[in-house]
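# Observations on chain architecture
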There are 2 protein chains.
Amino acid sequence: MNFINFDKTSAYGELQKAAAAFGNFDFSGNLTASRVEKCRCDMAGGLVYSWAAKAADEKILALLQNLSNEQELLAKYKALLDGEIMNTGEKRKVLHHLSRGELGKPVIENGKNIGEFYRSELERFSAFARKVRSGEIQGSAGKPFSAVAQIGIGGSDLGPRALYLALENWAEAEHKQTLKAHFISNVDPDDAAAVCAALPLDETLFILVSKSGTTQETLANELFVKDKLAKAGLDSAKHMIAVTSETSPLARNPAYLDSFYIDDFIGGRYSSSSAVGGCVLSLAFGPEVFAGFLAGAADADKLALEQDITKNAALLDALLGVWERNFLGYPYTAVLPYSQALSRFPAHLQQLDMESNGKRVNRTGQPVDYSTGPVVFGEPGTNGQHSFYQLLHQGTDIVPIQFIGFIESQRRDDVTVDNSDSQTKLKANLAAQITAFAKGQKNENPNKDFPGGRPSSLIYGKRLDPRALGSLLAHFENKVMFQGFIWNINSFDQEGVQQAKPRTPP
Amino acid sequence: MNFINFDKTSAYGELQKAAAAFGNFDFSGNLTASRVEKCRCDMAGGLVYSWAAKAADEKILALLQNLSNEQELLAKYKALLDGEIMNTGEKRKVLHHLSRGELGKPVIENGKNIGEFYRSELERFSAFARKVRSGEIQGSAGKPFSAVAQIGIGGSDLGPRALYLALENWAEAEHKQTLKAHFISNVDPDDAAAVCAALPLDETLFILVSKSGTTQETLANELFVKDKLAKAGLDSAKHMIAVTSETSPLARNPAYLDSFYIDDFIGGRYSSSSAVGGCVLSLAFGPEVFAGFLAGAADADKLALEQDITKNAALLDALLGVWERNFLGYPYTAVLPYSQALSRFPAHLQQLDMESNGKRVNRTGQPVDYSTGPVVFGEPGTNGQHSFYQLLHQGTDIVPIQFIGFIESQRRDDVTVDNSDSQTKLKANLAAQITAFAKGQKNENPNKDFPGGRPSSLIYGKRLDPRALGSLLAHFENKVMFQGFIWNINSFDQEGVQQAKPRTPP
């Protein structure tokens, strides 16, 4: 494999030339039924990726395919799956895919089969979750657990929280939920204090999540919680489990009811499919729900091996993003899910993308001369329509958009007003927005005129369920990975979140 | 008053020249104790605005003062306070300041004194809230109300929700809270279904908020809720109040227990200090808490009348933002509150700023040739430190930052670990981040090197209480207003959120 800077590829020069000659993409002329039919690609979990409303024609797609080939994106993905050291900064393997499937060679580290390790931990926490859910394991006051509360920050918080919220309504509607989940993350003491004040402590199982076992915020919040448990006359060793690495001070520690393990080959923001997300989701919804989520992610990982960019949604999404970032010059991307269940999914993607690709040096530490990861932000539609969409429609800059939507609601509890139910209105709004952003709306009053020319893509499916959610998560993980390969950066370290800590103990 | 496009002012040309000669601002040399002491400005509610870590020297400040004078920012603010038609697109007065104080001439519209109207509505909903909180007004099942749920979207949701969350912990700690507040906004039926499923309907008072009385999402959610109330055997006319305009179909309607009024002179995103925010906050925390919030906002409005930009935090923040947006070329701003209570405040500011100033035509409808409002996003620290700060520290682009922090926590419930409590750790992290962003951190390993040169400002205070919150809200409202005046756009309409609706009934 060749690892060369993006601007040293011949595809880069060709894309630059193409962009200079590109002019204004004719969205109105291009956004036809036949293009919509053609510019779609099946994803795992029953989802579909549509790029009909992106500013890219056949010629650009061909150049992006060349770029994919020249930067050997698939070979690099396969090398990662086979356990090569792809986190060059920290000299580590990158193995989050292995937490949900095994697509490469067996990965052995110091004689240990890592895939088997991940699977055995999955089995262990699944069995543990079953015992908690059945009431076989109880709190120190002899009551079954009715709630879980995860103590963790960054990747131990945003991903698991977003996924929990994404499945909460589905699980209630399908009678899967047993325990409500809560999250404590911020070192701001008001966070832990408010969560603890609202919890039935004698029925709550806390999940302490820190890979290193040294995260300042998480350890402070652990002691905060232990203090509350003690004051309530409860034995914290019966109310807390740990998710950590085997070498951390939290491992095999009698202070915890049980411990489940991860390792340094799965970064925090990629850990939702490991024990970091697995414990809380399995406790809340049951291990079989988490298994469905993993299956959706594993299927997405498999589809990401496809060489043809028009059949590989994650790869195509990555390439179109680079086209927009480096050649059309858009410095941000909005993620707009038309699904209240995905209310915190943009915050997870914000971490996933900006922490992975917000880098100014390449994988060997040389500064790069081109833009890398964009700013990512978003809120659910239709809420955003009544808020910041103003700038997206009529601001002076163009913000590319990633829409997400579903045909059916999760709870299937709806009301019909003016001959349509709310879910139908939600979908109609989504469709109208895509068209308005792309084609604009002419009006003689310039204040009411929408120029259009705002590109978007759409991921849609039947209903947001565990498999669809697993597919969605893996899609973005793989998109970010491919973009990192294109930019020749290391998407798997995060010096920018590790260094700027208070220098002296506060 | 002169209304001229920004690029036609002489200050614009001077700032362009200054930017070209500006080079790299020497943060390390400049961020001295004496600069920190000098570059601060008192705000209302006990807050302080610090711009020590902004890339601006005496010369730039002088040019910004010239710009303020030349664009007659204070005269325009006064004209707005006096009731001139400043919402030129919709030909309306702009009177949200009048909902918390009277700084200009009495505003009379069709013989009606608008200030008196706002005050009388404030008195009416304050009296109503007292009766609900005392149990004098009860639900149809004869139970006192224990919860309120606001049904509204956009400005009827984001601001009130952010403010409710901002005061919830403070109010509990001060024994002010009586009713828990919930919010239903999205037309996605899973939103209303989930909120209703978790509420004690027989003890819940719903607040229906729609100025026009025709908002599609809000009316769909109203019927959803009424259906649930009916199925629970409850009389919706005893469980719902309306906040609307006097000309809306919701006004004086026996379907509601009571109605409180606003008018077209207060835009949705500016309505938090009117009945839109006032009803829910007064019901949840009591009218005296809402009065404290209004007093903080009114004091901030008064301070915003100061001509000297170094003594007017909102004006200076606006000017520094324009310096960064139009001359240093930064297309976004991150809002990072070191306060879990402000978890949704960035989402409100995102609406406030992007909906107000995401405009491509000037106040008379001509397209402008310069950048207007930036993209605004943010999450609370320290959470963000473990997430997207990677890009802020080490990405290829510079993102200006607005920090917010407080000396004391709201709940005053804390734990001491390693000789410091969590609140102290929170503040130490904030201080360390400001320094790291500005000065960087040298490291021989380029992957661990922080270049610095990332500008930020800081708003800080003793504790987040109602007065501080009112000051904070008004600060950003006034900042956005001043920026709109500088750009010569209309910050008070929102055609971009009104037009792109489904064209046919879905």
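Refer to the structure presented above.
This report concerns the structure included in the present document.

Rules behind the numbers
Residues numbered from 1 in each chain as written. Chains lettered and ligands numbered in written order. Predicted model: local features only at pLDDT ≥ 70, side-chain atom pairs only at ≥ 80, totals over all residues. Heavy atoms only, no water. Helix = DSSP H or I, 4+ residues; strand = E, 2+ residues; numbered from the N terminus. Rg over C-alpha atoms; globule rule 2.2 N^0.38 Å. Contact = heavy atoms within 4.5 Å. Areas by Shrake-Rupley, 256 points an atom, 1.4 Å probe, with all protein chains shown as cover. Lys, Arg positive; Asp, Glu negative; His and termini not counted. Charge placed at Lys NZ, Arg CZ, Asp CG, Glu CD. Least-squares fit on C-alpha atoms with pLDDT ≥ 70 in both. Phe/Tyr/Trp six-rings, centres within 6.5 Å; stacked < 30°, edge-to-face > 60°. Buried < 20%, exposed > 50% of the residue type's maximum accessible area, 1.4 Å probe, protein only. Lys NZ or Arg CZ within 6 Å of the ring centre and 35° of its normal. Buried area = accessible area lost by both parts, 1.4 Å probe. Salt bridge = Lys/Arg side-chain N within 4 Å of Asp/Glu carboxyl O. Pairing = 2+ DSSP bridges. Axes fitted to C-alpha atoms, helices over the stretch in contact; angles between N-to-C directions. Right-handed = clockwise from strand over helix to strand, strands pointing away.

## Points about the overall build of chain A
Scanning chain A from N- to C-terminus turns up 17 helices and 15 strands. Compactness check: chain A gives a C-alpha radius of gyration of 23 Å against a globular reference of 23 Å for 506 residues, within 12% of the reference. Across chain A, contacts joining residues at least 24 apart in sequence account for 76% of those joining residues at least 6 apart. Accessible area for chain A stands at about 16,200 Å²; split by element, carbon and sulfur atoms hold 49% of it. Distance from the positive charge centre (52 side chains) to the negative charge centre (58 side chains) of chain A: 1 Å.

## What about the relation of the copies chain A and chain B?
Screw-axis analysis of chain A against chain B gives a translation of 0.0 Å along the axis, an RMSD of 0.0 Å, and a rotation angle of 180°. Viewed as a symmetry operation, the transformation between the two copies matches a two-fold axis. Residue A:Phe377 of chain A places its C-alpha closer to the rotation axis than any other residue of that unit, at 3.2 Å. A symmetric contact is evident, with 100% of the interface residues of chain A recurring at the interface of chain B.

## As for the packing of aromatic side chains
Throughout the structure, instances matching the rule amount to 49 aromatic pairs over all chains. Relative to A:Phe27, the ring of A:Phe25 lies with its centre 4.9 Å away and its plane at 80°, an arrangement referred to as edge-to-face. No difference in accessibility class separates A:Phe25 from A:Phe27, as the two residues are buried. Aromatic side chains A:Phe403 and A:Phe437 sit 6.2 Å apart centroid to centroid with 45° between the ring planes, which places their arrangement in the tilted category. Remark: A:Phe437 occurs in helix α15 (residues 422-439) and A:Phe403 occurs in strand β12 (residues 401-406); sequence separation between them is 34 residues. The pair A:Phe403 / A:Phe437 is uniform in exposure class, with both members buried. Of the aromatic side chains, those joined through ring pairs into one cluster are A:Phe6, A:Tyr12, A:Phe22, A:Phe25, A:Phe27, A:Trp323, A:Phe327 and A:Tyr370. It is A:Lys112 that lies over the ring of A:Phe117; its NZ or CZ is 3.7 Å from the centre. Sitting above the plane of the B:Phe3 ring, B:Arg363 keeps its charged end 3.4 Å from the centroid.

## Some details on the interface of chain A and chain B
Across the contact, 107 residues belong to chain A and 107 residues belong to chain B. The junction of chain A with chain B conceals about 8,900 Å² of combined surface from both sides, 55% of it contributed by carbon and sulfur atoms. On the chain A side of the contact with chain B, A:Arg360, A:His386 and A:Gln390 bury the most area, a combined 8% of that side's loss. For the pair chain A and chain B, the number of links is eight salt bridges.

## Examining the sheet that holds β12(A)
Residue and element names in this part refer to chain A. If you walk across this open sheet you meet the six strands as β1-β2-β15-β12-β10-β11, and the pairing is mixed. Taken across any chain shown, the strands that pair with only one partner, and hence form the sheet edges, are β1 (40-42) and β11 (375-377). Strand-to-strand twist of the sheet, defined as the mean angle between neighbouring strand axes without regard to direction, takes the value 15°. Pairing of strand β10 (residues 332-338) with β12 involves five bridges; the strand directions are parallel.

## Quick look at the sheet that holds strand β9 (residues 258-262) of chain A
All names here are of chain A. The sheet built from five strands is open, its strands ordered β6-β5-β7-β8-β9 with parallel pairing. Of all the strands in the sheet, just β6 (180-184) and β9 have a single pairing partner and so form its edges. If you compare each strand with its neighbour and ignore which way they point, the axes differ by 20° on average. Across five bridges, the pairing between strand β5 (residues 147-151) and strand β7 (residues 204-209) is parallel. Each bridged residue has a counterpart across the sheet, and for Ile151 the counterpart in β7 is Leu208. In the packing of helix α6 (residues 114-134) onto the sheet, contacts are made with β7, β8 (240-245) and β9, and the angle to β9 comes to roughly 150°.

## What to know about the environment of B:Leu336
All names here are of chain B. Along the polypeptide, Leu336 turns up in strand β10 (residues 332-338). C-alpha of Leu336 to C-alpha of Pro380: the two residues are 44 residues apart in sequence and 5.4 Å apart in space. What Leu336 contacts, discounting residues up to four positions off in sequence, is Gly378, Glu379, Phe388, Tyr389, Leu392, Ile401, Gln402, Phe403 and Ile404.

## Notes on the pairing of β10(A)
For a regular strand, the rule is simple: side chains alternate between the two faces of the sheet. Residue and element names in this part refer to chain A. The buried fraction of β10 amounts to seven of the seven residues, a majority that puts the element mostly inside the structure. Taking every second residue as pointing to the same face, both faces of β10 are buried, with Tyr332, Ala334, Leu336 and Tyr338 on one and Thr333, Val335 and Pro337 on the other. Two strands pair when backbone bridges link them, and β10 and β11 are joined in this way by three bridges, in the parallel orientation. Paired with Tyr332 across the bridge in β11 is Val375. What joins β10 to β11 is helix α13 (residues 345-357), and the crossover it makes is right-handed.

Nothing here speaks to function; it is all geometry.
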